[in-house]
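Understanding the architecture of this molecule
Below are the chains, spelled out letter by letter.
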Amino acid sequence: MGKIAGIELSPQRVAATRFAPSPNGRLHLGHAFSAMCAHDFAKANGGRFLLRIEDIDGTRSRPEHIEAILEDMGWLGLVPDGSPVFQSRRIASYRSALERLQAMGLVYRCWCTRSEITEALRYRSVCHGPDGPVYPGTCRGRTDEGHGEYCWRIDMAAAAEQTGPLRWTDLAAGVQHADPMQFGDVILWRKDAPASYHLAATLDDAADAISHVVRGMDLFAYTAIHRLLQKLLGLPEPLYWHHPLLLDEKGEKLAKSRLSQPLSELRSKGISGIESIGQLRQGKLPLGITRSSP
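Residues numbered from 1 in each chain as written. Predicted model: local features only at pLDDT ≥ 70, side-chain atom pairs only at ≥ 80, totals over all residues. Heavy atoms only, no water.

**Things to note about the overall build of the protein**
Inclusion rule: Put simply, DSSP H or I for four residues or longer makes a helix, DSSP E for two residues or longer makes a strand, and each gets a number counted from the N terminus. Each radius of gyration reported is based on C-alpha atoms, and the globular scaling rule is 2.2 Å times the count of residues to the power 0.38. Burial classes: relative accessible area under 20% of the type maximum marks a residue as buried, over 50% as exposed, and values in between as partly exposed (1.4 Å probe, protein chains only). Contacts were defined at the residue level, with two residues in contact if any of their heavy atoms lie within 4.5 Å.
Looking only at helices and strands, one finds nine helices and 16 strands in the protein. Its C-alpha radius of gyration of 20 Å places the protein within 12% of the 19 Å reference for a compact globule of 294 residues. The C-alpha extent of the protein, read off along each of the three principal axes, is 60 × 35 × 35 Å. Taken over 294 residues, the protein has a buried fraction of 52%. Pairs at least 24 residues apart make up 82% of the contacts formed inside the protein by residues separated by at least 6 positions.

**Side note on the sheet that holds strand 5 (residues 85-86)**
Quick note on the threshold: A pair of strands counts as paired when DSSP detects no fewer than two bridges linking them.
Pairing in this open sheet of three strands is parallel, and the strands run 3-4-5 from one edge to the other. Each edge of the open sheet is held by one strand with a lone partner, namely strand 3 (16-19) and strand 5. Direction of pairing for strand 4 (residues 48-53) relative to strand 5: parallel, over a ladder of two bridges. Residue pairing across strands places Arg52 opposite Val85, the latter belonging to strand 5.

**Focus on the side chain of Ser34**
Its place among the elements puts Ser34 in helix 1 (residues 29-44). Those residues in contact with Ser34 that sit more than four places away from it in its chain are Phe19, Arg215 and His243.

Here it is in structure tokens:
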């Protein structure tokens with residue numbers, strides 16, 4: 001297969017990949033790079049490239065952002081195979097998966113607010129995971145009914161005991177030991193929206209027959225959670241490639257929250273998206289933009 005985005009990857013079977021943005025803001029060059037990696041990987045392996053819109057993020061998911069994503073993809077020349085897939089049309093499948101985990105006794109209700117969790121962590125030794133302080137399990141084993149809205153958390157210890165040791169394969173980093181315990185009892189069903197990213201993305205990849213999950217290095221550690229859910233729910237195990245990230249002048253990844261320049265601004269200046277993708281393929285980055293190590 002040769003190189004994708006300048007990284008040597010071993011030849012693979014026919015691939016199905018996806019680019020899955022959330023319509024809660026404008027795409028930036030980091031998104032373009034990720035979409036390019038997924039697109040080029042699929043095409044280099046005689047496969048298909050899917051566009052999935054992760055539009056279940058409450059009121060933050062906006063129709064105008066969906067339109068902008070479609071415009072940006074066309075401008076970049078990264079045409080998906082088939083129509084876009086929308087998470088908002090799959091809520092029933094997420095609910096069904098949650099009910100299966102409920103029947104297995106592996107999830108529990110949690111009424112804790114963020115301030116209550118912060119307060120609880122003040123009075124005990126704190127475990128830290130990739131996301132920071134780990135939820136202390138306040139509601140685990142709780143028998144009384146709380147008040148107000150609640151989320152559903154997975155009992156990670158019970159789930160890990162059921163699955164046993166897990167591994168997964170990254171095409172660049174090799175075989176990895178999956179350690180979901182480092183995250184603690186993560187949320188699978190949110191108070192303010194349906195399924196969490198972990199549950200929805202894992203189910204979607206199976207439903208869309210994604211053979212190779214191509215995404216940024218910032219999601220590398222989360223794969224442990226996804227492998228756990230795949231094992232619990234009897235889902236197929238894809239291969240992974242976590243590609244490098246594009247970084248700004250401060251060495252931080254490009255992000256909507258940091259107001260990284262949106263692609264729409266580049267388009268409005270008459271810049272060619274197809275030429276921009278061509279430069280990214282050659283490893284040529286705009287002034288001030290660098291790339292993290294593979």
